[in-house]
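# Coordinate inspection notes
In case you want the letters, here they are:
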Amino acid sequence: MNITIVGTGYVGLVSGACFSEMGSTVTCVDVDEQKIENLKKGILPIYEPGLENLVIENHKEGLLRFTTSLESAAQECDVFFIAVGTPPDEDGSADLQYVLQVARNIGRVINSYTVIVDKSTVPVGTADKVKKVVQESLDKRGSDLEFDVVSNPEFLKEGAAVNDFLSPDRIIVGCDSPRAIKLMKRLYAPFSRNRDKLITMKVRDAEMTKYAVNSMLATKISFMNEMATICERLGVDVENVRKGIGSDQRIGYSFIYPGCGYGGSCFPKDVNALIRTSRDMGVEPHVLASVARRNSLQKEVLGNKIKERFGNDLCGKIFCIWGLSFKPGTDDMREAPAIVLINELVAAGATVHAYDPVAMTQAVGEFSPSFFQENRLRLFKTPYDALVDTDALVLVTEWKTFRQPAFQAMAKVMRQQILFDGRNLYDPGEVQEHGFEYHGIGRNF
Ligand code: UGA
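Residues numbered from 1 in each chain as written. Predicted model: local features only at pLDDT ≥ 70, side-chain atom pairs only at ≥ 80, totals over all residues.

### Things to note about the domain arrangement of the protein chain
Here is the rule: The split into domains, and so the bounds of each, comes from an automatic or database assignment of domains. Here, residue contact means that the backbone-derived C-beta atoms of the two residues sit within 7 Å. In this classification, Asp, Glu, Lys and Arg are treated as charged, Ala, Val, Leu, Ile, Met, Phe, Trp, Tyr, Cys and Pro as nonpolar, and every other residue, Gly included, as polar.
Each domain of the protein chain was delimited in the assignment, giving domain 1 (2-201), domain 2 (211-297) and domain 3 (299-439). For domain 1 and domain 3, the distance between their C-alpha centroids amounts to 39 Å. With 5 residues of domain 1 in contact, the opposing surface of domain 3 contributes 7 residues. Each residue belonging to the side of domain 1 that touches domain 3 can be placed in one class, and the counts come to 3 nonpolar, 1 polar and 1 charged.

So this is what it looks like as structure tokens:
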């Protein structure tokens, strides 16, 4: 099949690479000329395990093309995917201007029956808006071409995007037209070889499903973070509670890891957008509002613990931070808990030494240039260099490389042997054996 994907961000590029890997001929379109030129040379705008290979190989084989021209991509195209950004408005709702602009342009260039798919996360009702603007473009051309609009939300996780796309739990297709469903089934057939993963429903149901999934997962995390806070006061170890409740199949082990808050471009944005939508409909979203509030508080937890231990004035203290990206496996810094923590430490007078395996370049842009000019924030090439002469180590992102550090060697180079474990990555007993004072999330050691 011939497909066109508009937008070469996370979702667009991963979708393009994976569809081409499964045999479709894919044209990826983006307005950013530099990005397109780079992609043709195999230079990717994001770090995502396994993606570079897929892009380079399929581009070489002619299955994956890159262009800035929507018009040329439209020749012989069966399905258009809209995968452009939907950044939050000031009031938290999703800004649809890019999605609708792309839809308008698609209406100007299609030349046969086409299926137009919303892949971006968009509020309920967006497919209707897309349909309207495409129709307006066709009317202006005096064209009576037929088209259908489908909602096919994406559930991939950053850091595991390629695998998630190639082996999805399910494929949601929201569509009111049997003709379009038939096409979508054909397109996704190679992804559903062992069992039929395609779930079809109405367009609005599919749009809502995407928000409900992310909000449910965010709720699980915020719930556990609240449990951790209560456990800490009660003298209970939340890690045992986590194992205990996760074993209940109705709850499950995933997304119940307490930590220093969820970040990224999806959970915070989508929870807020659903809160907005809900209020617009006259429904006060009590649960969602608490989920968002708990997460804001959770991002302050490490800073609060550090101040409890060292006092509010942190002048003269140096803290080593391991992990800056919002989670392992990505260089994405959006809404990362490390941003809140570092700003708080520097504001209280401290100096921060930081290390991240891949997000250091991205991180530079997240902080005030004065932090670097005044040496209040210094980035180091290795995790151990960042530790020298520091008063405490703060683990913020649980990259694999931090799992089994050489505690004994670390203790020797640090000023004080104190560890704040923002992801409960370490065994407190083992850490203490090496002479470290241990502070976790919801743990009592
Ligand atoms: C999330 C969803 O998991 C994807 O299914 C969805 O497609 C994507 O949003 C999206 O809407 O585009 P992502 O933001 O890449 O994916 O990252 P997650 O792996 O879900 O992690 C989100 C945050 O939750 C991270 O900050 C992570 O550290 C935190 N988290 C996750 C916890 O604090 N505890 C957990 O148990 C799990």
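### Things to note about the site of the ligand
As a reminder of what qualifies: The criterion for a residue being near a molecule or strand is a backbone-placed C-beta atom within 6 Å of that molecule or strand.
Around the ligand sit 20 residues in total, of which E158, Y257, Y262, G264 and C266 are the nearest. Here the residues of the shell around the ligand sort into 11 nonpolar, 5 polar and 4 charged. Taken domain by domain, the makeup of the shell around the ligand includes at least three residues from each of domain 1 (2-201) and domain 2 (211-297).

### Concerning the UniProt feature "binding site: substrate" (unreviewed entry) in the protein chain
Definition in use: UniProt positions are given in the numbering used here, feature names are shortened, and annotations may be inferred rather than shown by experiment. Labels follow the DSSP assignment, with helices taken as runs of H or I lasting at least four residues and strands as runs of E lasting at least two, numbered in each case from the N terminus. Burial is judged by counting other C-beta atoms within 10 Å of a residue's own C-beta: 20 or more means buried, 12 or fewer means exposed, and anything between counts as partly exposed, with every C-beta placed from the backbone.
The positions that UniProt labels "binding site: substrate" (unreviewed entry) are, in the present scheme, F155, L156, K157, E158, K210, F255, I256, Y257, P258, G259, G263 and K327. A maximum C-alpha distance of 23.9 Å among these annotated residues, which run over 173 residues, shows that they spread across the structure rather than meeting at one spot. Mapped onto the secondary structure, K210 falls in helix α9 (residues 203-234). Judged by local crowding, K210 falls into the buried class, with 25 C-beta atoms found within 10 Å.

### Things to note about the sheet that holds strand β13 (residues 418-421)
Cut-off, in case you're wondering: Strand pairing is assigned whenever DSSP identifies at least 2 bridges connecting the two strands. What counts as an axis is a line fitted to C-alpha atoms, over the stretch in contact for a helix, and the angles between N-to-C directions run from 0 to 180 degrees.
In spatial order, the strands read β11-β10-β9-β12-β13-β14; together these 6 strands make up an open sheet with parallel pairing. Only two strands of the sheet have a single neighbouring strand rather than two, namely β11 (377-379) and β14 (437-439). Going across the sheet, the axis of each strand differs from the next one's by a mean of 20°, ignoring polarity. As judged from the 5 bridges shared by strand β9 (residues 318-322) and strand β10 (residues 351-355), these two strands associate in the parallel manner. Following the sheet pairing, F319 is matched in β10 by V352. Across the sheet, helix α13 (residues 301-310) touches β9, β12 (392-395), β13 and β14, and the angle it forms with β13 is around 155°.

### Looking at helix α12 (residues 286-298)
As a reminder of what qualifies: In this scheme, a helix's expected span is set at 1.5 Å multiplied by one less than its residue total. For this quantity, the arc is that covered by the directions from the helix axis to the C-beta atoms.
If you check α12, its first and last C-alpha atoms are 18 Å apart, about what 13 residues at 1.5 Å a residue would give, namely 18 Å. Listing the buried residues of α12 in full gives L288, V291, A292, R294, N295 and Q298. On an axial view of α12, the arc spanned by its buried residues comes to 160°, and they lie on one face. Across α12 from its buried face, at more than 90 degrees, point the exposed residues H286, R293 and S296. Those residues of α12 that are buried lie in contact with α9, α11 (267-280) and α13.

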